[in-house]
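The residues making up each chain are set out below.
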Amino acid sequence: MSTFLLVHGAWHSGRCWERVVPLLTAAGHRVLTPSLTGYGDKAHLAGPDVGLDTHVDDIVTLITEEDLTEVTLVGHSYAGLVVSSVANDVPDRIAQLVYLDAMVPEDGETAVDVMPVTQHLIDLALRSESGWRVPPPPEMPPPAGLFGVSDPNDVAWLRTMLSDQPVHCLRQPVRLNEPAARRIPRTHIHCTVLPEGFVRRPVPAIQPNGAPAQVWELATGHDCMITTPAALTDLLLRLG
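**Remarks on the pattern of salt bridges**
Link 1 in the chain: One pass over the full model with this rule turns up ten salt bridges.
Link 2 in the chain: Across the pair Asp53 and Arg175 runs a salt bridge, and its minimum N-O distance is 2.8 Å. Of the two residues, Asp53 is situated in helix H2 (residues 52-65) and Arg175 in the loop between strand E6 (165-166) and strand E7 (186-191); the sequence distance between them amounts to 122 residues.
Link 3 in the chain: In this structure, Arg200 and Asp101 form a salt bridge, with 2.4 Å as the shortest nitrogen-oxygen distance. Of the two residues, Arg200 is situated in the loop between E7 and strand E8 (215-218) and Asp101 in the loop between strand E4 (94-100) and helix H4 (111-114); the sequence distance between them amounts to 99 residues.

As structure tokens, this is what we get:
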């Protein structure tokens, strides 16, 4: 049995994994899908002081309180920053990192460094009435849809779990100064149905641990856990 810890991205909640969880558990694995501070059942805790460090603490606390080991740690989108820092803090508990259509930072980088278009969201939030709220992006015509989700029923369901993103999350840098974390194997899963003009940071040919890069693709939009849960699960089971 493997332990999968699935970390949602910006604006989402742990509910976004609901179609993947039963597939992984049916294969005999333990699955945890927490909502980060400020989202889902913790939406009331959102505020200007909630940042990347808050979300890293959320996951590190869960891992230590549950005494999790040999964790397959999956970070979707913004959570690529979160899982990178978590692995830095508790490398001995992480078996492998999975970057699911995710931001992949270097030490000291913020979301803006990884994805410069994020600066536009920060500027809008700082000029807004709240001074810190980043609302979810608008739905676009297919195939972009809402986070790559275009089926009307799925879009309606997705909207029920979205919350504003605290701007501090996009401005805090990751801390990647633990050599042991570099030895953790990495897998990158890329969703290939991309918004027009989107440019993804290339994955280096060699992982930090010296092994060749492992990059897999899913022919779907960004929220693959909603649009293609079975195909995503198949890939995750290859890691188990």
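Once the structure has been displayed, the description carries forward.
**Side note on the environment of Met115**
Link 1 in the chain: Tracing the backbone through its elements, the reader meets Met115 in the loop between H4 and helix H5 (118-127).
Link 2 in the chain: Met115 gets classed as partly exposed once you look at its relative accessible area, which sits at 25%.
Link 3 in the chain: The spacing of Met115 and Arg201 is 86 residues in sequence and 7.9 Å in space, taken between C-alpha atoms.

**Comments concerning helix H6 (residues 152-159)**
Link 1 in the chain: Listing the buried residues of H6 in full gives Asp154, Val155, Trp157 and Leu158. Burial along H6 is one-sided: seen end-on, the buried residues are contained in an arc of 165 degrees. Looking at H6, the residues exposed on the side facing more than 90 degrees away from the buried face are Pro152 and Asn153.
Link 2 in the chain: Elements that come into contact with the buried residues of H6 comprise helix H7 (224-227).

**Comments concerning the sheet that holds E8**
Link 1 in the chain: Pairing in this open sheet of six strands is parallel, and the strands run E2-E1-E3-E4-E7-E8 from one edge to the other. Of all the strands in the sheet, just strand E2 (30-32) and E8 have a single pairing partner and so form its edges. Recorded for the sheet is a direction-independent mean angle of 20 degrees between the axes of neighbouring strands.
Link 2 in the chain: Here four bridges tie E7 to E8, and the two strands are oriented parallel to one another. Opposite Ile189, over in E8, you have Trp216 as the bridge partner.
Link 3 in the chain: Each of strand E1 (3-7), E2, strand E3 (71-76) and E4 touches H2; the most contacted strand, E1, lies at about 160 degrees to it.
Link 4 in the chain: Contacts between helix H8 (residues 229-239) and the sheet are confined to E1, E3, E4, E7 and E8, with E8 contributing the most and set at about 160 degrees to the helix.

**Brief notes about the pairing of E3**
Link 1 in the chain: Taking burial as the measure, the six residues of E3 include six buried ones, the bulk of the element.
Link 2 in the chain: Alternating positions in E3 separate into two faces, Val71, Leu73 and Gly75 on one and Thr72, Val74 and His76 on the other, with burial throughout.
Link 3 in the chain: Taken together, the five bridges between E1 and E3 define a ladder with parallel strand orientation. Of the residues in E3, the one forming a bridge with Val7 is Gly75.
Link 4 in the chain: As for the winding sense of the linkage, the β-α-β connection from E3 through helix H3 (residues 79-89) to E4 is right-handed.

Rules and cut-offs
- Residues numbered from 1 in each chain as written.
- Predicted model: local features only at pLDDT ≥ 70, side-chain atom pairs only at ≥ 80, totals over all residues.
- Heavy atoms only, no water.
- Salt bridge = Lys/Arg side-chain N within 4 Å of Asp/Glu carboxyl O.
- Helix = DSSP H or I, 4+ residues; strand = E, 2+ residues; numbered from the N terminus.
- Buried < 20%, exposed > 50% of the residue type's maximum accessible area, 1.4 Å probe, protein only.
- Arc of directions from axis to C-beta.
- Contact = heavy atoms within 4.5 Å.
- Pairing = 2+ DSSP bridges.
- Axes fitted to C-alpha atoms, helices over the stretch in contact; angles between N-to-C directions.
- Right-handed = clockwise from strand over helix to strand, strands pointing away.

Such coordinate-based values are descriptive only and should not be taken to indicate function.
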